[in-house]
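# Understanding the architecture of this molecule
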Amino acid sequence: MQWKSLLAAALLSAIGLAAQEVHGVTPADLERGLQLFLNNCAGCHGPDGDLVPDVNLASGKFRRAQGDNDLRGIVLRGIPGTAMPPGNYTPEQAGVLVAYLRSLASSGAPKRTGPPGDASLGKAIVETKGQCLQCHRIGRAGSIAGPDLTGIGGMRRGADLEQSLINPDAEIRPDNLTVVAVAKDGKKITGRLMNMDTYTLQILDGSSLKLRTLKKDDLREYEVLKKSPMPNFRDKLSEQEISDVVSYLVSLKERI
Ligand code: HEC
Ligand code: HEC
C-alpha cells in the first residue's frame, strides 16, 4: 500500500540521524525495534527506558550486559530470579530490539525541548483552554473522533508527545490516519481510517462517530490525509503551557 510506504519514508527520515551511529542497522530496523520496545517493554521500562528502579536503558551503561550477545540473551531469556521476563522473539525481532537498545544507549532518549512542566496545570489546559477532549478521550471523558489518550504516557516518549502538539504533521502513526472520501453523489465523508482492504474502507465517521464500511466502488475518490486534522498548538499555547500539557500526558500511564 502506497500510503504506508510514504509514511514509513517520513518516519525513517526522522530517525535517520540516530541510525547512522549504529553500523549495519537501517532506520527501518530501528523503527521496528522502537515499535517492539513500545509494545513489549515500555510497560515496565517506560517509553524512555528509565522507569525500572536502578535501570536506565538510555544511560549508555547496562549493568548486566557488555556486548550485543548479552543483550540478546536478556531479551530472549530474561533475567532469571528478577522481574525481567523471557520473550518469544524471532532472531530478526531480537536483532532489531538489540539495535534499538544500542541506539537508545548511544544517543539517549530523545529530549523534550520546553521548560519543566506541571502535570496538574496541564490537566486543566487539556480540559479547558486546549479543548483536547473535543477530539480525544481520556478515561471516560471526551470524544472518540481522535485517538484515545488514556494511557498514552505509557506508550509514547515525552519528546514524541511534545512533537504531536507543536508539529502534528511531522509523524502520524499508521493507526491514526484520517481519510476523506467523496461518494458518487458528491457527498463528502471524513473519518479515522480503521482498516482498508482491496474493496472496502472501514472508517469511524467523524460526524456520526459510528463505524462505517465504504465500498471503494461506490466512491468517486478517497484520500488518506498526510496532514493531521489536529490543530498545531505552537501558536495557541505558550511554551510553558505546552510543557504542562506534555507533563500531564506523560503521567497518563494507566490503561483504564
Ligand atoms: C515485567 C516487567 C519487564 C518487562 C516487560 C521487560 N523488562 Fe527488562 N527488566 C525488568 C527489570 C525489573 C529489570 C531489572 C532486573 C535486575 O537486574 O534486577 C530489567 C532489566 C533489563 C535489562 C538489563 C539492564 C541492565 O542495566 O543491564 C535490559 C537490557 C532489559 N531489561 C531490556 C528489556 C527489553 C528489551 C524488554 C522488552 C523486550 C524488557 N526488558 C521487558 C523488567 C521488565
Ligand atoms: C480537532 C480535533 C483535535 C483536537 C482539538 C486535538 N487533537 Fe490531538 N489529534 C487529533 C487527531 C485526528 C490525531 C491523529 C493524527 C495525528 O497523529 O496527528 C491526534 C493526535 C494526537 C496525539 C498523538 C497520539 C498518538 O497516538 O501518538 C496526541 C498526543 C494528541 N493528539 C494530543 C492532543 C492534545 C493534548 C490536545 C489539546 C491540547 C489535542 N490533541 C487536540 C485531533 C485533535
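Our subject in this report is the structure included herewith. The shown structure was predicted, so the numbers you read here are calculated from the model rather than taken from an experiment. (Residues numbered from 1 in each chain as written. Chains lettered and ligands numbered in written order. Predicted model: local features only at pLDDT ≥ 70, side-chain atom pairs only at ≥ 80, totals over all residues. Heavy atoms only, no water.)

His45 (NE2) and Met84 (SD) make up the full set of protein donors to the iron atom of ligand 1, lying at 2.0 Å. Look at methionine 84 and you get partly exposed, because its relative accessible area is 25%. (Donors = N, O, S within 2.8 Å, 3.2 Å for Na, K, Ca; no water. Buried < 20%, exposed > 50% of the residue type's maximum accessible area, 1.4 Å probe, protein only.)

Close to ligand 2 lie 23 residues, the nearest being Cys132, Cys135, His136, Ser228 and Met230. With respect to ligand 2, the side chain of arginine 156 contributes an N or O atom lying 2.6 Å from an oxygen atom. Contact distances for ligand 2 include 2.6 Å between an oxygen atom and a side-chain N or O atom of serine 228. Breaking the shell around ligand 2 down by element, the ones donating at least two residues are α7 (158-166) and α8 (239-251). At three residues, the largest contribution of residues to the shell around ligand 2 is made by α7. When its residues are assigned to classes, the shell around ligand 2 shows 15 nonpolar, six polar and two charged. (Near = heavy atom within 4 Å. Polar contact = N/O pair within 3.5 Å; in protein donor to acceptor, adjacent residues only side chain to side chain. Helix = DSSP H or I, 4+ residues; strand = E, 2+ residues; numbered from the N terminus. Nonpolar A, V, L, I, M, F, W, Y, C, P; charged D, E, K, R; others polar.)

Our focus in this paragraph is the packing of aromatic side chains. By the definition in use, this model includes one aromatic pair. Look at phenylalanine 37 and tyrosine 100: their rings are 5.4 Å apart centre to centre, the planes differ by 45°, and that puts the pair in the tilted class. Residue phenylalanine 37 is found in helix α2 (residues 27-40), and its partner tyrosine 100 is found in helix α5 (residues 91-107); the two are separated by 63 residues along the sequence. Both residues of the pair, phenylalanine 37 and tyrosine 100, belong to the buried class. (Phe/Tyr/Trp six-rings, centres within 6.5 Å; stacked < 30°, edge-to-face > 60°.)

Right, let's talk about the pattern of salt bridges for a bit. Under the counting rule described, the total for this entry stands at nine salt bridges. Salt-bridge contacts for lysine 129 lead to glutamate 241; the nearest nitrogen and oxygen are separated by 3.0 Å. Residue lysine 129 is located in the loop between α6 (119-127) and β1 (137-138), and its partner glutamate 241 is located in helix α8; the two are separated by 112 residues in the primary sequence. A salt bridge links arginine 173 to glutamate 171, with the nearest nitrogen and oxygen atoms 3.4 Å apart. Where salt bridges share partners, they join Asp29, Arg32 and Glu92 into one cluster. (Salt bridge = Lys/Arg side-chain N within 4 Å of Asp/Glu carboxyl O.)

Now for empty space enclosed by the protein. Inspection of the entire model under this criterion finds one cavity of 30 Å³ or more. Along its surface, the largest cavity is lined by Ile125, Gly130, Cys132, Leu165, Phe233, Leu237 and Val245. Classifying every residue of the lining of the largest cavity gives six nonpolar, one polar and no charged. (1 Å grid on protein atoms, 1.4 Å probe; cavity = no way out; pocket = protein on both sides within 12 Å on 5 of 7 lines; lining within 4 Å. Points joined across faces, edges and corners; volume = space filled by probe spheres on them.)

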